[in-house]
Structures are given as structure tokens and as C-alpha cells.
Amino acid sequence: MPFTLPALNFAYDALEPHIDSRTMEIHHTKHHQAYITNLNNAISGTALENQTLDEIIKNMDMTNNAVRNNGGGHWNHSFFWEILQPENKGRLSGPLADAIDAAYGSKETFMEKFAAAAMTRFGSGWAWLCAHKDGHVEICSSANQDNPLMPGIGCGGTPIAGLDVWEHAYYLNYQNRRADYVASFWNVLNWNVVEEKYKAATK
Ligand code: MN
């Protein structure tokens, strides 16, 4: 079965003014779709054709650039859409709030460190909040479409939140102002989904 573009849980304009409608539409229907098309082409007729996306990512042959870049692109974007939501729904609580406090002292300090990871990722890539099996959380970042689940990338934990810092994710609305885009992320992050991902990653 070739991979297909997942539907969003919200309309393209639902994240405005933080992420604009045109950016969302191009990001989803052009950028994400291109990763899927290229991934399908890259795995067609190979043993990878019968693997799940998670299996492909976790067992990635890091020398296979077509699968690494496009498989990563498909995984990362599918994940990103899942953790976004229109404003003011869900807030950080429970065991994840405790884990963030344990690692960073406070939610505010965590947000600063996450923003720093997003800002210091030179060029294109992602900032991640990952959970380790023992429950502790860790911020890391990756280049291009790499992902912490891939061998030797990031902190080696399981992503539970992530931010796309490729210019295609923000340029129409924010131009070169990546910091403003990063700051806006907290308005559209669905903490309820992040908490679910934390539970799944640590059980
Ligand atoms: Mn992107």
C-alpha cells in the first residue's frame, strides 16, 4: 500500500493568526505531499514497501538519502499536524507537567530552552521534545527531515512534541522572523495530544 496524505483535524485557517491559512495549505498539500510521493517512489519494488512508516524510520539505513529525507518528511509532518490545534484548548498538566518540571524546573524555562533549540538549529530542521522510557523528557533538534527515532539522531527518545523550523513553515507570514514563529507555537500546541504521546512513550 503506498503512503497517502493524512487529513488535518482542522481547517487551513483554523490556526490563524499564528499560522496562516495559505502557509498551512501549501505546507500540507504541496510540501507534505511531495515527501509522500517521493517516499513511495523510493520504496517501490524494495523490501521497505511492506513496512510501516515507524518501522522504516526506526530501522533507517542512514545512507539511503531518498528514504531518509522523504520518509522523515512524511513522519515529521504527519506528527506535526497531529499536535497542532486552534487556540486555547488543552493545557499542560499531570505526569508530563511533573516530568517537565523535573527536567527544567518550570514550564517557562522549558519553553525558553525549546525556543533556543529551535533558534539555534541552523538552516532547516526540527526542534523536539522527547520522552525516554523511564519517564524523563529531553529537548533536542535535528537537521533537515531527520528524526530522533532514526539511528544516531537527536537524543534518541520518542518525540512527543516537535516544531518544523524549515522556512516553508513560516516564511509567508513571518519572513525571516523565526523567533516570532517559534513564540507563536505555544498558542497552537495541543498539550492533550502531547500528554497522550508521553503516556504511550513511557508505558
Ligand atoms: Mn515542513
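Relevant structure appears above.
Here's a quick rundown of the structure. (Residues numbered from 1 in each chain as written. Predicted model: local features only at pLDDT ≥ 70, side-chain atom pairs only at ≥ 80, totals over all residues. Heavy atoms only, no water.)

## Some words on the pairing of strand β3 (residues 158–164)
Here is step 1 of the chain: The buried fraction of β3 amounts to six of the seven residues, a majority that puts the element mostly inside the structure.
Here is step 2 of the chain: Pairing between strand β1 (residues 125–131) and β3: six bridges, direction antiparallel. Following the sheet pairing, A127 is matched in β3 by L163. (Buried < 20%, exposed > 50% of the residue type's maximum accessible area, 1.4 Å probe, protein only. Helix = DSSP H or I, 4+ residues; strand = E, 2+ residues; numbered from the N terminus. Pairing = 2+ DSSP bridges.)

## Describing the pattern of salt bridges
Here is step 1 of the chain: Overall, the coordinates contain four salt bridges when judged by the stated rule.
Here is step 2 of the chain: Note that K58 is salt-bridged to D54, the shortest N-O span being 3.9 Å. Pair noted here: K58 and D54 are both in helix α2 (residues 53–58), with a separation of four residues, about one helical turn.
Here is step 3 of the chain: D54 sits in the partly exposed class, given a relative accessible area of 35%.
Here is step 4 of the chain: Two residues, R68 and D146, come together in a salt bridge whose shortest N-O distance is 2.8 Å. You can see R68 sitting in helix α3 (residues 65–83) and its partner D146 sitting in the loop between β2 (137–143) and β3, a full 78 residues away along the chain.
Here is step 5 of the chain: D146 gets classed as buried once you look at its relative accessible area, which sits at 5%. (Salt bridge = Lys/Arg side-chain N within 4 Å of Asp/Glu carboxyl O.)

## As for helix α4 (residues 94–104)
Here is step 1 of the chain: Of all the residues in α4, the buried ones are L96, A97, A99, I100 and Y104. The arc enclosing the buried residues of α4, seen along the axis, measures out at 160 degrees, which places them on a common side. Exposed residues on α4 whose side chains face more than 90 degrees from its buried face are D98 and A102.
Here is step 2 of the chain: In this structure, the buried side of α4 is in contact with α5 (107–120), β1, β2, β3 and α8 (191–202).
Here is step 3 of the chain: Remark: G105 follows α4 within two positions and exhibits a positive phi of approximately 90 degrees. (Arc of directions from axis to C-beta. Contact = heavy atoms within 4.5 Å.)

## Examining the coordination of the manganese ion
Here is step 1 of the chain: For the manganese ion, the full set of protein donor atoms is H27 (NE2), H77 (NE2), D164 (OD) and H168 (NE2), at a range of 1.9 to 2.1 Å.
Here is step 2 of the chain: Mapped onto the polypeptide sequence, the residues donating to the manganese ion form the spacing pattern H-x49-H-x86-D-x3-H. With H27 in helix α1 (residues 21–43) and H168 in the loop between β3 and α6 (171–174), the pair connects residues that are 141 residues apart, well separated along the chain. Of the two residues examined, H27 and H168, each falls in the buried class. (Donors = N, O, S within 2.8 Å, 3.2 Å for Na, K, Ca; no water.)

## Brief notes about the pairing of β2
Consecutive side chains along a regular strand alternate between the two faces of the sheet.
Here is step 1 of the chain: Taken together, the seven bridges between β1 and β2 define a ladder with antiparallel strand orientation. The residue of β2 that forms the bridge with C130 is E138.

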